[in-house]
Each structure stands twice: as C-alpha cells, then as structure tokens.
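Examining the three-dimensional arrangement
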Amino acid sequence: YLWRHRMSARTQMPAASICVNYKGYFKCECHPGYEMDTLTKNCKAVAGRSPSLIFTNRHEVRRIDLVKRDYSRLIPMLKNVVALDVEVATNRIYWCDLSYRKIYSAYMDKASNPVEQDVLIDKHAAPLPRAWRWTGFH
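Predicted, not measured: the structure shown is a model, and the values here were computed from it.

The strand order β6-β7-β8 describes an open sheet built from three strands, whose pairing is antiparallel. Sheet topology places β6 (52-56) and β8 (71-75) at the edges, where each strand pairs with a single neighbour. Pairs of neighbouring strands in the sheet enclose a mean axial angle of 25 degrees, with direction left out of account. Strand direction decides the pairing type here: β6 and strand β7 (residues 61-65), joined by five bridges, are antiparallel.

A word on the pattern of salt bridges. Per the stated rule, a full pass over the model turns up five salt bridges. Put simply, Asp118 and Arg92 hold a salt bridge, and the shortest N to O gap is 2.9 Å. Of the two residues, Asp118 sits in strand β12 (residues 118-122) while Arg92 sits in strand β10 (residues 92-97), which places them 26 residues apart along the sequence. Looking at Asp118, the relative accessible area reads 36%, which means it is partly exposed. Sharing partners across several salt bridges, the network here consists of Glu60, Arg62 and Arg73.

Before going further, it helps to spend a moment on the sheet that holds β10. Spatial strand order, β9-β10-β11-β12: four strands in an open sheet with antiparallel pairing. Two strands in the sheet have a free side with no partner beyond their single neighbour: β9 (81-87) and β12. On average, each strand axis in the sheet is tilted by 20 degrees relative to the strand beside it, whichever way the strands run. Pairing of β10 with strand β11 (residues 102-107), which is carried by six bridges, proceeds in the antiparallel orientation. Looking across to β11, one finds that Ile93 is bridged to Ala106.

Per the counting criterion, the structure on display carries two disulfides. Sulfur-sulfur distance for the disulfide between Cys30 and Cys43 comes to 2.2 Å. Across the disulfide from Cys30 to Cys43, rotation about the S-S bond amounts to roughly -90 degrees, and the bridge is consequently left-handed. Here the residue Cys30 occupies a position in strand β3 (residues 25-30), and Cys43 occupies one in strand β5 (residues 43-45), the gap between them amounting to 13 residues. The burial state of Cys30 is the same as that of Cys43; both residues are buried. The connectivity of the disulfide bonds within the protein chain can be written as 1-2, 3-4, using the sequence rank of each bonded cysteine.

With that settled, the discussion passes to the packing of aromatic side chains. For the structure on display, the rule yields two aromatic pairs. Ring geometry for Phe55 and Tyr71: centres 6.5 Å apart, planes at 45 degrees, overall tilted. Linking Phe55 in strand β6 with Tyr71 in strand β8, this pair joins segments that are 16 residues apart in sequence. Consider the rings of Trp95 and Tyr104, whose centres lie 5.3 Å apart with planes at 15 degrees: the pair is stacked. Side by side, Trp95 and Tyr104 carry an identical accessibility label, which is buried.

Conventions and cut-offs
- Residues numbered from 1 in each chain as written.
- Predicted model: local features only at pLDDT ≥ 70, side-chain atom pairs only at ≥ 80, totals over all residues.
- Heavy atoms only, no water.
- Pairing = 2+ DSSP bridges.
- Helix = DSSP H or I, 4+ residues; strand = E, 2+ residues; numbered from the N terminus.
- Axes fitted to C-alpha atoms, helices over the stretch in contact; angles between N-to-C directions.
- Salt bridge = Lys/Arg side-chain N within 4 Å of Asp/Glu carboxyl O.
- Buried < 20%, exposed > 50% of the residue type's maximum accessible area, 1.4 Å probe, protein only.
- Disulfide = S-S within 2.5 Å.
- Phe/Tyr/Trp six-rings, centres within 6.5 Å; stacked < 30°, edge-to-face > 60°.

Don't take any of this as a statement about function, it's just geometry.
Put into structure tokens, the structure is as follows:
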C-alpha cells in the first residue's frame, strides 16, 4: 500500500514490513509468507499457517499449535533425539538421534514415516555441533 505523508518510512512504517521512501510518499510490502492486514496495516502470516512449538522429549518429536492448542506427534519411536531444527521455507525438519549416531531430515508432513526420512550423516562419532555444521545448515 502507499502512504502519502511528509514523514519518512522509518517513522511511519507498519510492523514487520519492508518500506521504501519515494519523493512525497513511501510504499510498504510484507516479507514472503506474510500479507498486509487491511485494517491494521501490519503484516500477518498468510492464512492457513499458525505458529507452533516443535520439541522433543528424546523419544519422539512433538508439535503444539499455539493458536488451536492442538498437540500432535510428528516423529514417534525415536531413541535419544537431542537436537532439532526446522527450515520453514522448505517445510523440512532436521534431528539428531545420538543412539543411532545419525542426523536425519524429512518433510514435516511425512516425517512420521521412516521411509520418508533421509539420513544426512550416518554413524558419525563427531560431536553434534561439528556434525551439524558439516550438513551446511548452521
């Protein structure tokens, strides 16, 4: 949307948006995956995506939807998961199971199926931080 004010974009820009100053006005847009709310002029997540918390109790990976308060298992029957990471742009989850000495990856919606789980590092004795850097996802 366009704002026609004498003030700069820095003093008037909506939350979480990208604004560019032009002569006499500025234009603001939202980051990819977000859209401008027409009433508040703030960027909000695109419909259908609600924030969630993903965590492990070492034996499974779980998700809590923070809006719906929905609780679900993403990856069951694990041994000793000690680290998780999520790449939101590609909808992939990464985890390290120390019992198997492996780092895995899978698409979030298919992660519960062992056939869909990719092994990135197999039986590597390096400490997790070093191994994680070797995957290129640091």
